[in-house]
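# Structural characterization, general
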Amino acid sequence: MRLKQAGYAAIITVFIAALLTFFNSYSILPVSPIALAFSRWLVIISLILYGIKKDSLTSWILISMVIGAEIGHDYPEIGIKLQVLSKVFLKMIKTIVAPLLFATLVYGIAGHADLKQVGRMGWKAILYFEVVTTIALFIGLAAINISQAGAGITMPPASGESLPDVPPQTLNDIILHIFPENIAKSIAEGQILQIVVFSILFGIALAMVREDKRLPMLKATESLSEVMFKFTNIVMYFAPIGVGAAIAYTVGHMGLGILVNLFQLLATLYVALIVFLLGVLLPIALIVGVPIKKFLRAIAGPVSIAFATTSSEAALPRAMENLEKLGVPRKIVAFVMPTGYSFNLDGTTLYLSLASIFVAQAAGMNLSIPQQLVIVFTLMLTSKGVAGVPRASLVILLGTAASFGMPSWPIFIILGIDELMDMARTSVNVIGNCLATVVVAKWEKEFTPTDEVIE
């Protein structure tokens, strides 16, 4: 069977399974559960055949997501137990991040000894980040005010779940969180922003020493970055299993019924994110002159990993490698990408502005537009550096609720579907950071598209 034939077979089986599910759901034509399950597994078999013919890591990651969803739906107990595999994958990815960031940033800064370019890239990147995240913030604010998803929600009965006790964050706490007191502690805790600050200062210091002292360290960091990219390639062979297990766990422990109850809130977020992607990021890409097809091919794998694992950090090594293959110089990838993980969380910013006003609506608090703006601008500051932790934005939301005297019970409602919301906002975080990296490379006139095959 050829690739095209395998593709056609997959499309036909998907269409048949969707048609049977539609007929059964709306009682047009009763279909037995066995026939429905058989049609779904037939889809999976056809997708596996397509994956074998395609022989692409991205294809296998996407196929594994379908397999994981089916296992979680048909065998929820097994799906829940598969979480250990997704945790193994996340742990292996997290071992890559700190040494990769350190090596690529230090080599990128000290290797070229052009500190003016570092400063120039820095202000361009920060300017871009703040403009785009501010637009995302207003889109989230507009979306929740239009949909009024939180209006009319009544306080649910007390449940056995508990939320972490999060004290309000002060400006001093936010500033102090940027700077490392112990780099080993920052690495152990996955504090990306602190690792970036340390690496930038280390790179600048290395650029200022004599050449005979600088060269050995430069060679060491260059070798370390090459080794960590190869390390990433090895770990990525496990990605389809880790990603499939993550989806199996999500579907297994949540089921699909929760979507019906909270559909309005979920739909508000997804529609707002789609508006942001098509109304903000796409025009930016077209104006700057980003090769759209090649860019989409480069980010497909990292975005699918981010979607399944709900961690932007899990997608970072692969995204950095693919952007280099796309034609962005390593020094720009190494500087912009990790910095964006602290200052350019488009999806998280949009979600937090939407979710905070949802909490106020559910609690019956009629906030004026100026009051809403104070809350969301506070969120924009407190959300910096949450990319490395799955569902960390929930903690930020709790802290903000405490700061503005909002009750925490509406957050219990969000907690039910937070994982599904996190999948979407994390994917947008990765897309936004990948685009920002290409945009800065374009501004620096250093983007040279390549013909290298990107999986």
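Residues numbered from 1 in each chain as written. Predicted model: local features only at pLDDT ≥ 70, side-chain atom pairs only at ≥ 80, totals over all residues. Heavy atoms only, no water.

### Digging into the overall build of the protein chain
The condition is simple: The secondary structure listing takes helices from DSSP runs of H or I that are at least 4 residues long and strands from runs of E that are at least 2 residues long, numbered from the N terminus. Residue contacts are counted whenever heavy atoms from the two residues lie within 4.5 Å of one another.
Helices and strands together make up the secondary structure of the protein chain, namely 20 helices and zero strands. Sequence separation of 24 or more characterises 85% of the internal contacts of the protein chain that already satisfy a separation of 6 or more.

### A word on helix α14 (residues 292-309)
To keep it simple, the criterion reads: Under the convention used throughout, the expected extent of a helix is 1.5 Å for every residue step, that is, one less than its residue count. To get the bend at a residue, fit one axis to the 7 residues ending there and another to the 7 starting there, then take the angle between the axes. A simple rule labels every residue: compare its accessible area, found with a 1.4 Å probe on the protein chains alone, to the largest value its type can have, and call it buried under 20%, exposed over 50%, or partly exposed in between.
The end-to-end C-alpha separation of α14 is 25 Å, in line with the 26 Å expected for 18 residues at 1.5 Å each. At Ala300, α14 shows its maximal bend, which comes to roughly 40°, and the proline Pro302 appears one to four places after that position. By the burial criterion, the buried members of α14 are Phe295, Ala298, Ile299, Gly301, Pro302, Val303, Ser304, Ile305, Ala306, Ala308 and Thr309. Once α14 ends, the next one or two residues include Thr310, with phi positive near 55°.

### Notes on the packing of aromatic side chains
This is how the line gets drawn: In summary, the pairing rule links any two rings of Phe, Tyr or Trp, Trp by its six-membered ring, whose centres are within 6.5 Å, and it sorts them by plane angle into stacked for under 30 degrees, edge-to-face for over 60 and tilted for everything else. Ring-over charges, as used throughout, are those where CZ of Arg or NZ of Lys falls within 6 Å of the ring centre and within 35 degrees of the ring normal.
Here the structure, examined in full by the defined rule, presents six aromatic pairs. Summarising the aromatic geometry, the rings of Tyr128 and Phe129 are spaced 6.3 Å apart at their centres and angled 70° between planes, so their arrangement reads as edge-to-face. Ring pairs connect the aromatic residues Phe102, Phe198 and Phe202, which therefore count as one cluster. Positioned over the ring face of Tyr351 is Arg425, at 3.8 Å from the centre of the ring.

### A closer look at helix α16 (residues 330-343)
For α16, spanning 14 residues, the distance from its first C-alpha to its last is 20 Å, which sits close to the expected 20 Å at 1.5 Å a residue. Counting buried residues in α16 gives 13 out of 14 residues, a clear majority hidden from the surface.

### Observations concerning the nonpolar core
Just so we agree on the cut-off: Remark: nonpolar core denotes a set of buried residues (Ala, Val, Leu, Ile, Met, Phe, Trp, Tyr, Cys) joined through side-chain atoms within 4.5 Å.
Formed by 109 residues in total, the largest nonpolar core has its most connected members in Tyr128, Phe276, Ile414 and Leu435. It is helix α20 (residues 409-443) that provides the largest number of residues to this core, a total of 19 residues. When residues no more than four places from it in sequence are discounted, the contact partners of Tyr128 are Leu281, Ile284, Asn344, Leu435, Ala436, Val439 and Trp443.

### As for unusual backbone geometry
Unlike most non-glycine residues, Gln148 shows phi in positive territory, near 50°. Looking at the secondary structure, you find Gln148 in the loop between α6 (115-147) and α7 (171-178). Residue Gln148 is classed as partly exposed on the basis of its relative accessible area of 35%. The phi angle at Lys445 is positive, at roughly 60°, despite the residue not being glycine. With respect to the helices and strands, Lys445 occurs in the segment after α20. Accessibility expressed as a relative area gives 77% for Lys445, which makes it exposed.

### With respect to the confidence of the model for the protein chain
Put simply, the rule reads: The pLDDT value tells you how sure the predictor is about a given residue, anywhere from 0 up to 100.
On average, the protein chain scores 82 in pLDDT, and the residues at 70 or more come to 87%. Element-level pLDDT for the protein chain is lowest in helix α12 (residues 258-261), with a mean of 51, against a maximum mean of 92 in helix α13 (residues 263-288).

### Here we look at the environment of Ala136
In this structure, Ala136 sits in helix α6. Sequence-wise, Ala136 and Val280 are 144 residues apart; in three dimensions their C-alpha atoms are separated by 8.5 Å. Leave out the neighbours within four places in its chain, and Ala136 touches Phe276, Asp346, Leu350 and Ser353.

### Notes on a nonpolar patch on the surface
We count it as follows: The patch calculation keeps residues exceeding 30% relative accessible area without a salt bridge and links them within 9 Å when they carry like charges or within 5 Å when they are nonpolar (Val, Leu, Ile, Met, Phe, Trp, Tyr). Using the Shrake-Rupley algorithm and a 1.4 Å probe, accessible areas are obtained, with residue cover drawn only from the displayed protein chains. Salt bridges, as used here, are contacts in which a Lys or Arg side-chain nitrogen is within 4 Å of a carboxyl oxygen on Asp or Glu.
There is a patch of nonpolar side chains on the surface, built from Tyr8, Ile11, Ile12, Phe15, Ile16 and Leu19 and spanning about 620 Å² of accessible area. Relative to the assigned elements, Ile16 resides in helix α1 (residues 3-25). What makes Ile16 partly exposed here is its relative accessible area of 43%.

### Considering the packing of helix α5 (residues 83-110) against helix α15 (residues 312-326)
To keep things clear, this is the line we draw: As a rule, the C-alpha atoms of each element are fitted with a line to give its axis, helices using only the stretch in contact, and angles between N-to-C directions run from 0 to 180 degrees. To sort the angles, those under 35 degrees are grouped as roughly parallel, those over 145 as roughly antiparallel, those from 65 to 115 as roughly perpendicular, and the leftovers as oblique. Should the near helix be turned counterclockwise from the far one by less than a right angle, the crossing is left-handed, whereas a clockwise turn marks it as right-handed. Under this grouping Gly is polar, as are all residues other than the nonpolar Ala, Val, Leu, Ile, Met, Phe, Trp, Tyr, Cys and Pro and the charged Asp, Glu, Lys and Arg.
Across the interface, α5 lies against α15 with an axial gap of 8 Å and an inter-helix angle of 50°. With respect to each other, α5 and α15 are oriented oblique. The hand of the α5/α15 crossing is left-handed. Every residue of α15 that contacts α5 at Leu90, Ile93, Lys94, Ile96, Val97, Leu100, Leu101 and Thr104 is listed here: Glu313, Ala314, Leu316, Pro317 and Met320. Among the residues forming the contact of α5 with α15, the class breakdown is ten nonpolar, one polar and two charged.

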